[in-house]
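What follows is each chain in one-letter form.
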Amino acid sequence: DVKVTQSSRYLVKRTGEKVFLECVQDMDHENMFWYRQDPGLGLRLIYFSYDVKMKEKGDIPEGYSVSREKKERFSLILESASTNQTSMYLCASIAWGAGETQYFGPGTRLLVL
Amino acid sequence: AQSVTQLDSHVSVSEGTPVLLRCNYSSSYSPSLFWYVQHPNKGLQLLLKYTSAATLVKGINGFEAEFKKSETSFHLTKPSAHMSDAAEYFCVVSAAPNNGNKLVFGAGTILRVKS
């Protein structure tokens, strides 16, 4: 089974702090994604990566950056956390190919005070 | 561009009665379509997917969905609801023609099952 793990289930940070969210997948997938999930809005794509050191902006990249130094690991960085970044963050990975299934991590619930 | 509209934000059914969660999509080419379920405090789990094969797709836990191109719909159904079906359901369309990379999510439908 594909396994996508995220470094933390819950995080509490203060406004202005730099925050790192880590995601690791164990199936050698090329593509990895970061979403945020907010009630009534579904999941919105922040950034995605289709190869090591490659990244593309999703629909809501402002206030975020990403890093992919190794194929299995994709990090989301909040350079200076703000209260409007309080949310659930979900990482996903997918193999290359049409109609492939995205596999999701359990999520990190981030609270910015 | 691709988009997904889930027509109901909340659906409430009694245990043992049918479930219908409605989804309309917009896509400029033949889409891949998915339904995911998220139980409280759990991750997203794939229920079923359509990838241009049979238009009636069967998934896990007795769910199925029918792709209707003429209606641009992909509604999720189940003949008889169970208490364990209470969760949030997301209809999703693939936004890339060749690699299924970017998924566009609907806003979600919360299913409540009454005993």
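One can find the structure itself at the top, above this paragraph.
Below is a short write-up of the structure. Everything numeric in this text was worked out from a predicted model, so none of it was measured. (Residues numbered from 1 in each chain as written. Chains lettered and ligands numbered in written order. Predicted model: local features only at pLDDT ≥ 70, side-chain atom pairs only at ≥ 80, totals over all residues. Heavy atoms only, no water.)

### Thoughts on the packing of aromatic side chains
All names here are of chain B.
Inference 1: Taken as a whole, this structure holds 14 aromatic pairs over all chains when the rule is applied.
Inference 2: Geometrically, the ring pair formed by Tyr50 and Phe74 is tilted, given 6.3 Å between the ring centres and 50° between the ring planes. In this pair, Tyr50 sits in strand β6 (residues 44–50) while Phe74 sits in strand β9 (residues 73–78), placing the two residues 24 residues apart along the sequence. The two residues Tyr50 and Phe74 agree in class, both being buried.
Inference 3: Measuring from ring centre to ring centre gives 5.5 Å for Phe63 and Tyr89, while their planes differ by 45°; the resulting arrangement is tilted. Of this pair, Phe63 sits in the loop between β7 (56–58) and β8 (64–68) while Tyr89 sits in strand β10 (residues 87–94); the two residues are 26 residues apart in sequence, bridging distant segments of the chain. (Phe/Tyr/Trp six-rings, centres within 6.5 Å; stacked < 30°, edge-to-face > 60°. Helix = DSSP H or I, 4+ residues; strand = E, 2+ residues; numbered from the N terminus. Buried < 20%, exposed > 50% of the residue type's maximum accessible area, 1.4 Å probe, protein only.)

### Comments concerning the sheet that holds strand β3 (residues 19–25) of chain A
Residues and elements named next belong to chain A.
Inference 1: Across the sheet, 4 strands lie side by side as β1-β3-β8-β7; this open sheet has antiparallel pairing. Looking along the sheet, the strands with just one partner apiece sit at the ends: β1 (4–6) and β7 (65–70). Across this sheet, the average inter-strand angle for adjacent strands is 20°, counted without regard to direction.
Inference 2: Sheet topology note: the β1/β3 ladder contains 3 bridges and is antiparallel. (Pairing = 2+ DSSP bridges. Axes fitted to C-alpha atoms, helices over the stretch in contact; angles between N-to-C directions.)

### Regarding the interface of chain B and chain A
The figure often quoted for interface size is the accessible area lost as the parts come together.
Inference 1: The interface is formed by 22 residues belonging to chain B together with 24 residues belonging to chain A.
Inference 2: Contact between chain B and chain A buries roughly 1,800 Å² in total, counting both sides, with carbon and sulfur atoms accounting for 52%.
Inference 3: Taken together, the connections running from chain B to chain A amount to 0 salt bridges.
Inference 4: Summed over the shared surface of chain B and chain A, the result is 2 residue pairs in polar contact (both at pLDDT 80 or more).
Inference 5: Sorting the residues of the side of chain B that touches chain A by element identifies β5 (33–38), β6, β10 and β11 (103–105) of chain B as the ones contributing at least two each.
Inference 6: Broken down by class, the residue content of the side of chain B that touches chain A amounts to 9 nonpolar, 10 polar and 3 charged. (Contact = heavy atoms within 4.5 Å. Buried area = accessible area lost by both parts, 1.4 Å probe. Salt bridge = Lys/Arg side-chain N within 4 Å of Asp/Glu carboxyl O. Polar contact = N/O pair within 3.5 Å; in protein donor to acceptor, adjacent residues only side chain to side chain. Nonpolar A, V, L, I, M, F, W, Y, C, P; charged D, E, K, R; others polar.)

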